[in-house]
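Chain residues, written in single-letter form:
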Amino acid sequence: MTSEQVGAAQGSLLNSPYGTGRIFVVPHENIGGQLQGGVVQLPIPDFPTGTMRGRFIPANGHLYTCGLYAWAGNRQTEGGFYRVRATGKASWVPIGLHARTNGMEIQFSDALDPGLANDPKSLRRQSLSLKRSADYGSKHIDEHSLTSRAQRWPRKRSLCF
């Protein structure tokens, strides 16, 4: 994200997989030359087409993307042109992941309420693995819930698991 309007999320990597009508932020880190991270859908409604080739326009700082439907997509409107803009409201999008020896730290775009960490109704926290194979897709392996620890908040915008 190249726009200053996105605040702390500026510099984050975006992914817009063709066919899904969604845009994802990709928080990541480099550990010993190995990139690792995750994907989180932006808190915006799905588009009626797939999206691709998004660009931030310097004149207004908004993201513009286009889409269409051809094959292998779940969004089937013929075509579209879309604008995504920051509203100035908090979005709590994960913008950083940091593996720790005893857990995971997730950095968010906006400050969090420390009380959220111990409220199981506030956050859904789970982990799973996928099996890489020649087959298309994978069943979820070792899927389980996680707990977070409020006492381990190193920054106002981070949560540790």
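What counts, and at which threshold
- Residues numbered from 1 in each chain as written.
- Predicted model: local features only at pLDDT ≥ 70, side-chain atom pairs only at ≥ 80, totals over all residues.
- Heavy atoms only, no water.
- 1 Å grid on protein atoms, 1.4 Å probe; cavity = no way out; pocket = protein on both sides within 12 Å on 5 of 7 lines; lining within 4 Å.
- Points joined across faces, edges and corners; volume = space filled by probe spheres on them.
- Helix = DSSP H or I, 4+ residues; strand = E, 2+ residues; numbered from the N terminus.
- Nonpolar A, V, L, I, M, F, W, Y, C, P; charged D, E, K, R; others polar.
- Pairing = 2+ DSSP bridges.
- Axes fitted to C-alpha atoms, helices over the stretch in contact; angles between N-to-C directions.

1. Examining the layout of surface pockets
Empty space left among the atoms is revealed by rolling a probe the size of a water molecule over them.
Point 1. Taken as a whole, the largest pocket spans an internal volume of roughly 960 Å³.
Point 2. Among the elements of the structure, strand S4 (34-37), strand S9 (94-100), strand S10 (103-108) and strand S11 (126-129) are those that each provide at least two residues to the lining of the largest pocket.
Point 3. A class-by-class count of the residues in the lining of the largest pocket yields 14 nonpolar, six polar and four charged.
Point 4. Forming the boundary of the second largest pocket are 26 residues, of which Arg85, Ala86, Thr87, Lys89 and Ser91 lie nearest the centre.
Point 5. Of the residues belonging to the lining of the second largest pocket, the class tally is 14 nonpolar, eight polar and four charged.

2. Regarding the sheet that holds strand S8 (residues 79-84)
Point 1. Here we have three strands laid out as an open sheet, ordered S6-S7-S8, and antiparallel in their pairing. The sheet is open, and its two edges are formed by strand S6 (52-56) and S8, each paired on a single side. Across the sheet, the mean angle separating the axes of adjacent strands is 15 degrees when strand polarity is ignored.
Point 2. Two strands pair when backbone bridges link them, and strand S7 (residues 63-68) and S8 are joined in this way by six bridges, in the antiparallel orientation. Looking at the pairing, Gly67 lines up with Gly80 of S8.

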